[in-house]
Amino acid sequence: MKTEKRIKVKDLLNSTAFGSEVTVKGWVRTFRNNQFIAINDGSTINNIQAVVDFSSMDETLLKRLTTGAAISVTGELIESLGKGQKVEVKVKQLEILGDSDAEKFPLQPKKHSLEFLREIAHLRFRTNTFNAVFKVRHALGYAIHKFFNDRGFVYLHTPIISASDAEGAGELFRVTTLDFNNPPRLENGEVDFKQDFFGKSTNLTVSGQLEAELAAMAFGEVYTFGPTFRAENSNTTRHLAEFWMIEPEVAFADLTDNMNLAEDLLKYVIKHALETCGDELEFLKNRLIEEEKLKPQDERSELDLLAKLNFCLNNDFERLTYTDAIEILKNSNANKKKKFKFLIDKWGVDLQSEHERYLVEKHFKKPVILTDYPKDIKAFYMRQNDDGTTVRAMDILFPGIGEIVGGSQREERLEQLENRMKEMNIPAQELYWYLDLRKFGTAPHAGFGLGFERLVLFVTGMTNIRDVIPFPRAPKTAEF
Ligand code: ATP
Ligand code: MN
């Protein structure tokens, strides 16, 4: 067993220690002309080339250099004469750590469709596309923590198993240990959840917001970053059943503070990705250009991925009220010529993704923050405006995505909150702890939820949300 210290490909590609002996471990991407091995170890999207002298190598060993095989190579680092790389390794010793049967390995060095790769999600990490996507995902996750940490926010872990479905954000996944073939029942026939594990009916959380509010009223500024679950039976390219959400909650903040925080956060993390994922974003930019060649000219992006991200950094998001947005949509050509699937005929209707994207992509041509929505299409906890019909809500809309952030200033006044809960049939006794906040030192506060995968979707230029989470959970999809 050899014990040479392994050097990562990323470091080797930047090294100028020509003549020194190095050991590389990784997976074979290609083996050409019985001579050139392209090795990738995941540390970078780029491969290192190892050159073997086939005349001095055991032929059976060379036959085992197939795509996907894990190998260890020791040799001299030399300056490369070949095009496309500065350094390469002149192989002295070659060891196959794990064979990969060329007949059976599904990833061949050719272009595979994203749909096919989704079916082999256990192997798709080994493609350039997914190497880039998940590196960017990592960078964004790191930047989110750094952003909040640098501003003194406390990272709060809110429960994944929840007993309240109060938010009404979506369909719930039930959590139970009861025998579903024969659950204990009350006399009236209903399932007796007193006998369930928690002594009450529980579900996977749809949001950590209500709990985050509790902590914000002590720490001032907190955020969550965790998994959330919604059994929405909608097969869209923007919805998952399990997704990650970032939810800051800030005391003594109003809706303007909330919008500023969200805009700062988005710009900060996009900038971080641009600064740290140059190779990956360059690759993803070109991938998108290739993908869009299959579309008709007028459906292609006007800006390439990098230009789009930079544009987002360098421009203020457009801020306007729901009411103003409805006017724009009502008078738009798309509405008049009946190009929308859902026509906008009156104030009060919920906006569909097609309307959100029209505002962002066609009308303003930049990210948009809509505020002050009708109270009837928003949650009970949003701060009521004096007009009696709207609430201090905000949605941030992004090109290609639609809604990426949903948030609001929260109703901090006990009486108004209780009245709204009554109107909406929200059981107050179950949420006594939430109401307690309004009884003991209440204060204006605000927060929002940023869907992490929608952010990754935007920054990577991918088109399906299932391609930016390692193992997507969606209707009829729970493999791996
Ligand atoms: P949508 O109208 O797109 O379904 P929503 O109004 O249900 O979104 P919120 O409840 O406000 O969304 O959740 C906050 C954020 O979480 C959204 O802005 C979005 O970025 C993200 N999000 C919501 N539902 C999903 C989902 N099913 N999959 C992935 N991300 C989601
Ligand atoms: Mn939804």
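Higher on the page you've got the structure.
Remember, predicted model here, so these are calculated numbers, not experimental data.

Participant: How do you make sense of the nonpolar core when you look at a structure like this?
Facilitator: One recurring pattern in soluble globular proteins: nonpolar side chains tend to sit buried together. In this structure, F398, L455 and V459 are the most contacted members of the largest nonpolar core, which totals 65 residues. Residue contributions to this core peak at 11 residues, all from helix α4 (residues 128-150). Residue contacts for V459: discarding those within four places in its chain leaves V136, L140, I270, A273, L281, L305 and L309. Ranked by size, the runner-up nonpolar core spans 31 residues in total, among them L210, F380, L397 and I426.

Participant: It is not clear to me how the sheet that holds strand β9 (residues 202-204) should be interpreted in this structure. Could you clarify?
Facilitator: Strand pairing in a sheet relies on backbone hydrogen bonds. The paired strands run either parallel or antiparallel. The sheet built from 3 strands is open, its strands ordered β7-β9-β8 with antiparallel pairing. Looking at which strands have only one partner, the edges of the open sheet turn out to be β7 (161-162) and β8 (174-175). One ladder, built from 2 bridges, connects β7 with β9; its direction is antiparallel. Bridge pairing links I161 to L204 in β9.

Participant: So what exactly am I meant to see when it comes to the packing of aromatic side chains here?
Facilitator: Two numbers describe a pair of aromatic rings. These are the distance of the centres and the angle of the planes. Summed over the entire model, instances satisfying the criterion amount to 20 aromatic pairs. Seen from their ring centres, F147 and F148 are 5.2 Å apart, and the 85° between their planes marks the pair as edge-to-face. Each member of the pair F147 and F148 is classed as buried. Ring centres of F225 and F452 lie 5.0 Å apart, and the angle between their planes is 70°; on these two criteria the pair is classed as edge-to-face. You can see F225 sitting in strand β10 (residues 221-229) and its partner F452 sitting in helix α14 (residues 452-460), a full 227 residues away along the chain. Comparing F225 with F452, the two get one shared label, buried. Grouping aromatic residues by their ring pairs yields a cluster made of F147, F148, F153, Y155, Y223 and Y268. Sitting over the ring of Y268, R151 keeps its end group 5.8 Å from the ring centre. Directly above the aromatic system of Y434 lies the positively charged group of R438, at a separation of 4.1 Å from the ring centroid.

Participant: Sorry if this is basic, but what is going on with the layout of surface pockets here?
Facilitator: The gaps left among the atoms become clear once a water-sized probe is rolled over them. The volume enclosed by the largest pocket comes to roughly 1400 Å³. The wall of the largest pocket is formed by 38 residues, among which E299, R357, E361, P399 and G400 lie closest to the centre. Contributions of two or more residues to the lining of the largest pocket are made by α7 (278-292), α8 (305-314), α10 (333-336), α11 (353-364) and α14. The element best represented in the lining of the largest pocket is α11, accounting for 7 residues. A breakdown of the residues in the lining of the largest pocket according to their chemical character gives 14 nonpolar, 8 polar and 16 charged.

Participant: What should I look at first to understand the pattern of salt bridges in this one?
Facilitator: Two side chains bearing opposite charge may form a pair once their charged atoms approach each other closely. Enumeration according to the criterion identifies 32 salt bridges in this entry. With a closest N to O distance of 2.5 Å, E423 and R420 form a salt bridge. Here E423 pairs with R420, and both are found in helix α12 (residues 414-423), just 3 residues apart, close to one helical turn. With a relative accessible area of 6%, R420 lands in the buried category. A network of salt bridges, in which partner residues are shared, links E213, E249, R410 and R438.

Procedures and definitions
Residues numbered from 1 in each chain as written. Chains lettered and ligands numbered in written order. Predicted model: local features only at pLDDT ≥ 70, side-chain atom pairs only at ≥ 80, totals over all residues. Heavy atoms only, no water. Core = buried A, V, L, I, M, F, W, Y, C linked by side-chain atoms within 4.5 Å. Buried < 20%, exposed > 50% of the residue type's maximum accessible area, 1.4 Å probe, protein only. Helix = DSSP H or I, 4+ residues; strand = E, 2+ residues; numbered from the N terminus. Contact = heavy atoms within 4.5 Å. Pairing = 2+ DSSP bridges. Phe/Tyr/Trp six-rings, centres within 6.5 Å; stacked < 30°, edge-to-face > 60°. Lys NZ or Arg CZ within 6 Å of the ring centre and 35° of its normal. 1 Å grid on protein atoms, 1.4 Å probe; cavity = no way out; pocket = protein on both sides within 12 Å on 5 of 7 lines; lining within 4 Å. Points joined across faces, edges and corners; volume = space filled by probe spheres on them. Nonpolar A, V, L, I, M, F, W, Y, C, P; charged D, E, K, R; others polar. Salt bridge = Lys/Arg side-chain N within 4 Å of Asp/Glu carboxyl O.

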